[in-house]
Amino acid sequence: MAERSTAEPGSGPGTGPEAGPDTVIATRALTKRYRGGQLAVDGLDLAVPAGSVFGFLGPNGSGKTTTIRMLMGLIEPTSGTARVLGQPMPRATRTVLPQVGALIEGPALYGFLSGRDNLLRYDSADPTADPRTRRTRVAAALDRVGLTAAASKKAKAYSLGMKQRLGLAAALLQPRRLLVLDEPTNGLDPQGMREIRSLVRELASDGTTVFLSSHLLDEIEQVCTHAAVMAQGRLIIQGPVAELAAGARGRLVVTTPDPGDAARVLKEQGVADVVVTEDRVTGEPPDDRDRDLAEVNAALVSAGVRVRGFGVERASLEDAFVALTGEGFDVAG
Ligand SMILES: Nc1ncnc2c1ncn2[C@@H]1O[C@H](COP(=O)(O)OP(=O)(O)OP(=O)(O)O)[C@@H](O)[C@H]1O
């Protein structure tokens, strides 16, 4: 069936992200205020491009789960709109959800059933799934997540990582255009995290759009092509990860026993935002990095500054976050 995207009235440059045919998730001014008065999501304009691995990043309590619940039609927004696969949510929940694999707040599994039997159960609960091909489908899903060897074990004997992978297998029983994963590596050990991350990369390489929430910056940097950063219910920034990190440029760091002189020379050389902390002097490097940094270093030396260390620290998403919010990234919990 051909699919058309319907442009929102008033959409256009300057009114937020475009919701074109290649946008898998698009929200406009999406807002949720809970009954107790808590404003959990505040005017969110989100645009998730098709084929992206989209990281939805924010500290605990920033509104990620609430957003996902609205996107999946589990709760009604207080105001604003959400479109998933071009359809309005929650109105189109019934047509949209079969095309979406979701892993939200941990998979619901029967511990006394084997991994395979859990999947057989999931598959038989899907009225569109052909019972004649059920076993093949389940075997393929188990294989996909690397659980074939453990398929006959009871789910309660699975590690947390295996349970997450089984949950992913359930989400993958049918071909999906979109996978929505809420904190898929939460509580996993480093090995479990690596397994889920490489699985996500693999799924994305087949063309599935993956939307995953996380409070871990380095996770987003490792697996995502795009990201949106939330804080206190609001969207701070979104875009390709490389651009977000590049937006916060690395800082020039000079280590010297002459910090006062170094700071003066750096300012003369066009280094902005110079900060002195004991024997470290940092600042924003001038634009043309390769040429200017050699000159900056030479200027320090010829001014008699004893330079012990000189370099640029790589900018990370965390730098971008701090630059945008003036806050550190709280990863508690
Ligand atoms: N059912 C609810 N009723 C009232 N307030 C809620 C409810 N669910 C969440 N909140 C509040 O809304 C805010 C956003 O919570 P939400 O769970 O969406 O954030 P989150 O970014 O997903 O955090 P976490 O990673 O801890 O789940 C929080 O202040 C939370 O306490």
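Note that the structure is predicted; figures quoted are calculated from it, not measured.

1. Here we look at unusual backbone geometry
Part 1: Geometrically, the link from Met89 to Pro90 is a cis peptide bond, its omega value of 5° lying close to zero.
Part 2: Here Glu183, not a glycine, exhibits a phi torsion of approximately 45°, which is positive.
Part 3: Taking the C-beta count within 10 Å as the criterion, Glu183 has 23 such neighbours and is therefore assigned buried.
Part 4: The phi dihedral of Asp273 falls on the positive side, at around 50°, and the residue is not glycine.
Part 5: Relative to the helices and strands, Asp273 is located in strand S13 (residues 272-277).
Part 6: Judged by C-beta crowding, with 10 C-beta atoms within 10 Å, Asp273 ranks as exposed.

2. With respect to the site of the ligand
Part 1: For the ligand, the set of nearby residues contains 13 residues, the closest of which are Tyr34, Ala40, Asn60, Thr65 and Thr66.
Part 2: Per element, the largest residue contribution to the shell around the ligand is 3 residues, and it comes from helix H1 (residues 64-71).
Part 3: Among the residues forming the shell around the ligand, the class breakdown is 2 nonpolar, 10 polar and 1 charged.

3. Structural notes on the sheet that holds strand S11 (residues 234-240)
Part 1: The strand order across the open sheet formed by 6 strands is S7-S8-S9-S4-S10-S11, and the pairing between neighbours is mixed. The sheet terminates laterally at strand S7 (100-103) and S11, the two strands that pair on one side only. This sheet shows a mean twist of 15° between the axes of neighbouring strands, independent of strand direction.
Part 2: Running over the sheet, H1 touches strand S4 (53-57), strand S8 (178-182), strand S9 (209-214) and strand S10 (226-231) and is turned about 145° from S8.
Part 3: Relative to the sheet, helix H5 (residues 160-171) contacts S7 and S8, its axis offset from that of S7 by approximately 160°.

4. Re the confidence of the model for the chain
Part 1: Scored by pLDDT, the chain comes out at a mean of 85, with 85% of its residues at no less than 70.
Part 2: Note that residues 1-17 has pLDDT below 50 and, in this model, 14 contacts with residues that lie over four places away or in other chains.
Part 3: Per the prediction output, this complex has pTM 0.75; the corresponding ipTM is 0.95.

5. Focus: the domain arrangement of the chain
Part 1: When the domains of the chain are assigned, the result is domain 1 (23-239) and domain 2 (249-314).
Part 2: For domain 1 and domain 2, the distance between their C-alpha centroids amounts to 45 Å.

6. Considering the sheet that holds S13
Adjacent strands of a sheet form backbone hydrogen bonds with each other and so pair up, either parallel or antiparallel.
Part 1: Taken in spatial order, the 4 strands make up an open sheet running S13-S14-S12-S15, and their pairing is antiparallel. Strand pairing shows two members of the sheet lacking a second neighbour, S13 and strand S15 (309-313), which therefore form its edges. Going across the sheet, the axis of each strand differs from the next one's by a mean of 20°, ignoring polarity.
Part 2: Pairing of strand S12 (residues 251-255) with S15 involves 5 bridges; the strand directions are antiparallel. Counted as the bridge partner of Arg251 is Glu313 from S15.

7. Structural notes on the nonpolar core
Part 1: Residues Leu71, Ala169, Val180, Val200, Val210, Phe211 and Ala227 are the most contacted members of the largest nonpolar core, which totals 68 residues.
Part 2: In contact with Val210, other than residues within four places in its own chain, are Val53, Phe54, Leu179, Leu181, Val200, Leu203 and Ala204.

8. A few points about the packing of H5 against helix H6 (residues 190-205)
Part 1: Two numbers describe how H5 lies on H6: the axes approach to 9 Å, and their chain directions differ by 20°. Relative to H6, the element H5 is oriented roughly parallel. In this structure, H5 crosses over H6, and the sense of that crossing is right-handed. Between H5 and H6, the contacting residues are Leu160, Gly161, Gln164, Arg165 and Leu168 on the first element and Gly192, Glu195, Ile196 and Leu199 on the second.
Part 2: Considering only residue class, the contact of H5 with H6 consists of 4 nonpolar, 3 polar and 2 charged.

9. Re helix H3 (residues 115-124)
Three- or four-residue spacings in an α-helix give side chains the same orientation, since the helix completes a turn every 3.6 residues.
Part 1: Every buried residue belonging to H3 is among Gly115, Arg116, Asn118, Leu119, Tyr122 and Asp123, and all of these are buried. One side of H3 holds all its buried residues, which, seen down the axis, span an arc of 160°.
Part 2: Structurally, H3 contributes buried residues whose contacts are with helix H4 (134-144) and H5.

10. With respect to H5
Part 1: The terminal C-alpha atoms of H5, which comprises 12 residues, lie 17 Å apart, in line with the 16 Å expected from a rise of 1.5 Å per residue.
Part 2: With 9 of 12 residues buried, H5 is to be regarded as a mostly interior element.
Part 3: When we look at burial in H5, the residues that qualify are Lys163, Gln164, Arg165, Leu166, Gly167, Leu168, Ala169, Ala170 and Ala171.
Part 4: Among the structural elements, S7, H3, H4, S8 and H6 are those in contact with the buried residues of H5.

11. What to know about the packing of H3 against H5
Part 1: Taken N-terminus to C-terminus, the directions of H3 and H5 make an angle of 30°; their axes are 10 Å apart at the nearest point. On the basis of their axis angle, the class for H3 and H5 is roughly parallel. Here H3 and H5 pass one another in a crossing that is right-handed. On H5, the residues touching Gly115, Asn118, Leu119 and Tyr122 of H3 are Leu166, Ala169 and Ala170.
Part 2: Grouping the constituent residues of the contact of H3 with H5 by class yields 5 nonpolar, 2 polar and no charged.

About the criteria used
- Residues numbered from 1 in each chain as written.
- Predicted model: local features only at pLDDT ≥ 70, side-chain atom pairs only at ≥ 80, totals over all residues.
- Buried ≥ 20, exposed ≤ 12 C-beta atoms within 10 Å, placed from the backbone.
- Helix = DSSP H or I, 4+ residues; strand = E, 2+ residues; numbered from the N terminus.
- Near = placed C-beta within 6 Å.
- Nonpolar A, V, L, I, M, F, W, Y, C, P; charged D, E, K, R; others polar.
- Pairing = 2+ DSSP bridges.
- Axes fitted to C-alpha atoms, helices over the stretch in contact; angles between N-to-C directions.
- Contact = placed C-beta atoms within 7 Å.
- pLDDT = per-residue confidence, 0-100.
- Domains from an automatic or database assignment.
- Core = buried A, V, L, I, M, F, W, Y, C linked by C-beta atoms within 7 Å.
- Parallel < 35°, antiparallel > 145°, perpendicular 65-115°, else oblique.
- Left-handed = near helix turned anticlockwise from the far one by under 90°.
- Arc of directions from axis to C-beta.
- Expected span 1.5 Å × (residues − 1).

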